[in-house]
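Notes for the structure review
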Amino acid sequence: MSKSPEDRNPELRAIFFESANELLQSLNEAGLELEVRPADEEVIRRVRRAVHTLKGDSAACGFHKLSELAHELEDILTAQVAEKYGSRFAEVVLAAADSFEAMLAAHQHGKKLPSLDKLHSLIRGLLVDATPVVETPQAPAAVPASFGWTEYEQLMISEAVHRGETVYNLALRIDPDSLMRAAAFQLIRNVLHSCGTLIALRPEDNLAAANVEIVEAALASVQPEEVLKQRCHIPSIVSDVRIERATSAQTPDHELLGDLLDAQAAQVVAHTAERSDISDTARSAPANSAVATLVESILRVDASRIDAVMNLVGELIIGKSMLHRALTEFDQRHARDPARAKLAEALGFQSRVLDELHKCVLKIRMVPVEQLFRRFPRVVRDVAKQCGKDVALEVSGQNTDLDKSILDSLGEPLMHLVRNAVDHGIEPADERLTAGKPARGTVYLNAYHQGTQVVIEVRDDGRGIDSAHVRQQAVKQGVIKAEEAARLTEQEALNLIFESGFSTATEVTEVSGRGVGMDVVRSVLDKLKGTVHISTQRARGTTFQLRAPLTLASIQALLFRVGGRLFAVPLSSVVEISRIHDQEIHRIDQREVLQLRDQILTLVRLEQLSRLRAIDTEPVKKKHFVMVIGAAEKRFGLVVDSMVGEEELVIKALPSDIVSSDLVSGASILGDGTVVLILNVPAVLSRLSRAVPLGAIA
């Protein structure tokens, strides 16, 4: 009685889903290549390997429908079918990748499997009149192997034989259908280590094994040859095994080694032999260093474990702040105490080590943005086909590192921006030719670091955005009133496309027109404490620039007090700080403004914006601090009672049942145990925009 998929090892299923996603990505990439080169046998072999691996792994996890579909697909994955049907063949491969993805999602979330009738129909259509490929069984060829061990390795084999151990030369052929040669090599190496003492190994590491078909090894073992052959014949990994018994080479060096081991000759002879051995070892050491340190270079760790370490590092940073405060108090009370210098030195050392630890953990969380960019060639191809356009995708900056959690959050916003670039930005071919452009449009994806932020740009060479048309559509759809639209600047008019329910499309299609998508872009960036900026030129194209912090784990913040409460604002958002008197504040249209040099700033008081109740009884001050806060192209002045100082804060997320205000994005704990609330700058801007006309925000 077989177990249901749900009863099987959860860890095995988790590994399967992770590897299956990589296989699906390779299927998508191969399908796009087959559209350009339908009869490329190397690409077809890659597809066959991916589908074959998916078939076996899904069957092992009990997902039989998925395994059966992969088995059915294998029947058409031949060069003859590809050459005969061309683009139709690539279409089936891409459709299969979509079906596999839908089935995997259904299995992961326990939902009903999708209908596969359309894909079955496409596969049967290619099988019609296709000449089946009959493979004639052949006797397995002998595994080729040279066993060309170095002189040092031959000495080690001879020493083992002289001690009475049995040494075998093994050659193992890696299964041609194995998709990951490096992983297969690692499994082979583990089995060899469990069978005895591994004296020599070719290739020497996982990196070199990526393009190798035969693995050679010299193994000292007490197990019989039949048992070794059975254990080394790993299903789906090793297709053939060759085993020979190694003999001691009868060279003068080896005879000398035997004499030394047996009789322990005189000291002079032993010293000479030792020098000879050292010389031999030194000559062969570079070639065998990897054998001596056979360790896995890559370690896969669950993200939750890294998050746990990050939380502990955050607690250490809080502890560092506590020590700093304690040392300051000690310094005030015992300024001449000789222990003060020792404490300061120890605290400085601890701070340096903690800073390095913090950086190392942050680097562990970093992943290249290439993981996100890899999915968009397929997106551009599908949307362009739906819209009847010819669009290419150019990608740069794939090696830019970004926190894994932020990378995952940016997936949906980028998806909307890329789809809109193809649908709204790129013109039809005839319109482009009339404007003197090439018929093929291009969408560009780029990523780079700028200070403590990562910048991701989505650019197209299309028609650009008409801000006047955006104003008209916004008024027509009731997003904004006509008199408010007339007061908007060019940039503010462009930002209307991020309003919920707004769309510039004239008709609703499968791709766009429903007014959802761009508001998601802004809301996600707000949650990430990032910004999105639009720049456009008529008939030249549009660029969307997403800015997000490299990590959400900690920030440099500026602390201040309002109504006796302690708040913090990200230091990157603070443009400048000014001191003003009450008489410098003016009221225009029921709002407070300040003229700072040649700029009119809207002033924000948190107690009025969020109905914050003061917890102190200090008299009303005549002089205030104003922090000029910048987000994207907007500026506003935040009126605060007092400035506390700059500090590195470890962000702690707050449950909604504790803090319901959207003006607070998180909290942190200072060294003395004080809780500080971190201001959500984008939310303040959003609340301010609803409270006063947009044009009032400088």
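Residues numbered from 1 in each chain as written. Predicted model: local features only at pLDDT ≥ 70, side-chain atom pairs only at ≥ 80, totals over all residues. Heavy atoms only, no water.

Structural notes on helix H15 (residues 376–387)
Threshold: Working definition: helices are DSSP H or I runs of at least four residues, strands are E runs of at least two. Numbering for both runs from the N terminus. A helix is expected to span 1.5 Å multiplied by its residue count minus one. Residue burial is assigned from relative accessible area. The probe radius is 1.4 Å, only protein chains are included, and a residue is buried under 20% of its type maximum, exposed over 50%, and partly exposed in between.
Spanning twelve residues, H15 covers 16 Å between terminal C-alpha atoms, matching the ideal 16 Å at 1.5 Å per step. Of the residues making up H15, those classed as buried are Phe-376, Arg-378, Val-379, Val-380, Arg-381, Val-383 and Ala-384. Directly beyond the C-terminal end of H15, a positive phi value near 70° is found at Gly-388.

A word on the side chain of Ser-573
By the element assignment, Ser-573 lies in the loop between strand E13 (565–570) and strand E14 (574–581). Overall, Ser-573 belongs to the buried group, its relative accessible area being 13%.

Re the sheet that holds strand E22 (residues 675–679)
Operational definition: Any two strands with at least two DSSP bridges between them are considered paired. Working convention: axes come from line fits to C-alpha atoms, limited for helices to the stretch in contact. Angles between N-to-C directions cover 0 to 180 degrees. By definition in these notes, contact holds between two residues if any of their heavy atoms fall within 4.5 Å.
Pairing is mixed in the open sheet, where five strands are placed in the order E20-E12-E13-E22-E21. A strand with exactly one partner marks an edge of an open sheet, and here the two such strands are strand E20 (642–650) and strand E21 (664–669). Taken over all neighbouring pairs, the strand axes of this sheet differ in orientation by 35° on average, direction set aside. Summarising the sheet, strand E12 (residues 554–562) and E20 pair through eight bridges and their orientation is antiparallel. Bridging from a neighbouring strand, Leu-558 pairs with Glu-646 of E20. Here helix H12 (residues 303–333) sits on the sheet and contacts E20 and E21; the angle it forms with E20, its principal contact strand, is near 140°.

Regarding the confidence of the model for the protein chain
The following threshold applies: Every residue carries a pLDDT, the predictor's confidence in it, which falls somewhere between 0 and 100.
Summing up the model confidence of the protein chain, the mean pLDDT is 78 and the portion of residues at 70 or higher is 80%. Element-level pLDDT for the protein chain is lowest in helix H11 (residues 267–292), with a mean of 42, against a maximum mean of 92 in strand E6 (residues 391–396). Per-residue pLDDT stays below 50 along residues 1–8; that stretch engages in ten contacts with residues further than four places along the chain or on separate chains. Low pLDDT (under 50) marks residues 250–258, which in the prediction has twelve contacts with non-local residues, meaning those over four places away or in another chain.

Examining helix H2 (residues 41–60)
Our working rule: Pairs of N or O atoms are called polar contacts if they sit within 3.5 Å, as long as, within protein, a hydrogen donor faces a hydrogen acceptor (for residues adjacent in sequence, only side-chain-to-side-chain pairs).
With 20 residues, H2 extends 28 Å between its outermost C-alpha atoms, agreeing within 8% with the 28 Å of an ideal straight helix rising 1.5 Å per residue. For H2, every residue scored as buried is listed here: Val-43, Ile-44, Val-47, Arg-49, Ala-50, Val-51, Thr-53, Leu-54, Lys-55 and Ser-58. Of the residues flanking the start of H2, the one acting as N-cap is Asp-40, its side-chain oxygen 3.0 Å from the backbone nitrogen of Glu-42.

Describing the packing of aromatic side chains
Condition: Any two rings among Phe, Tyr and Trp, with Trp reduced to its six-membered ring, count as a pair given centres within 6.5 Å; such a pair is stacked if its planes are under 30 degrees apart, edge-to-face if over 60, and tilted if neither. For a Lys NZ or an Arg CZ to count as sitting over a ring, it must be within 6 Å of the ring centre and within 35 degrees of the ring normal.
If you walk through the whole model with that rule in mind, you get four aromatic pairs. Here the aromatic rings of Phe-147 and Trp-149 are separated by 6.1 Å at their centres, their planes lie at 35°, and the arrangement is tilted. Here Phe-147 and Trp-149 have matching classes, each one buried. A cation over a ring is seen here: Arg-459 above Tyr-444, with NZ or CZ 4.0 Å from the ring centre. The ring centre of Phe-625 lies 4.2 Å from the NZ or CZ of Arg-579, which sits over that ring.

Topic: the environment of His-581
Looking at the secondary structure, you find His-581 in strand E14. On a C-alpha basis, the gap between His-581 and Phe-625 in space is 9.0 Å, while along the polypeptide they are 44 residues apart.

With respect to the pattern of salt bridges
So the rule is basically this: By definition, a salt bridge exists where a carboxyl oxygen of Asp or Glu is found within 4 Å of a side-chain nitrogen of Lys or Arg.
Summed over all chains, the structure comprises 31 salt bridges. The partner of Arg-605 in a salt bridge is Glu-592, with the nearest N and O atoms 2.7 Å apart. Here Glu-592 lies in strand E16 (residues 591–596) and Arg-605 lies in the loop between strand E17 (599–604) and helix H23 (606–609), a separation of 13 residues in the sequence. The burial state of Arg-605 is the same as that of Glu-592; both residues are buried. One connected set of salt bridges, linked through shared partners, spans Glu-35, Glu-91, Asp-98, Arg-378, Arg-381, Asp-382 and Lys-385.

What about the pairing of strand E19 (residues 634–640)?
Burial analysis of E19 places six of its seven residues in the buried class, the great majority of the element. Judged from the two bridges that link them, E17 and E19 form a sheet pairing that is parallel. Bridge pairing links Val-604 to Leu-638 in E19.

Considering the sheet that holds E6
With mixed pairing, the five strands of this open sheet are ordered in space as E6-E8-E9-E11-E10. Two strands close off the open sheet at either side, each with one partner strand: E6 and strand E10 (531–537). Each strand of the sheet is rotated relative to its neighbour by a mean of 15°, with strand direction disregarded. Bridge count for strand E8 (residues 441–450) against strand E9 (residues 453–460) is eight bridges, and the pairing is antiparallel. Looking across to E9, one finds that Asn-446 is bridged to Glu-457. Relative to E6, H15 is tilted by about 160°, and along the sheet it contacts E6 and E8. Each of E10 and strand E11 (541–549) touches helix H22 (residues 518–527); the most contacted strand, E11, lies at about 30° to it.

Observations concerning the nonpolar core
Where a protein is soluble and globular, its nonpolar side chains tend to be buried together. The criterion, for reference: Residue types Ala, Val, Leu, Ile, Met, Phe, Trp, Tyr and Cys, when buried and joined through side-chain atoms within 4.5 Å, form a set referred to as a nonpolar core.
Counting 49 residues, the largest nonpolar core has Leu-414, Ile-497 and Phe-544 as the members making the most contacts within it. Not counting residues within four places of it along the chain, the set of residues in contact with Ile-497 comprises Ile-465, Val-470, Phe-502, Met-518, Ile-534 and Phe-544. Of all hydrophobic cores here, the second largest spans 39 residues; its members include Val-81, Phe-89, Ala-97 and Leu-116.

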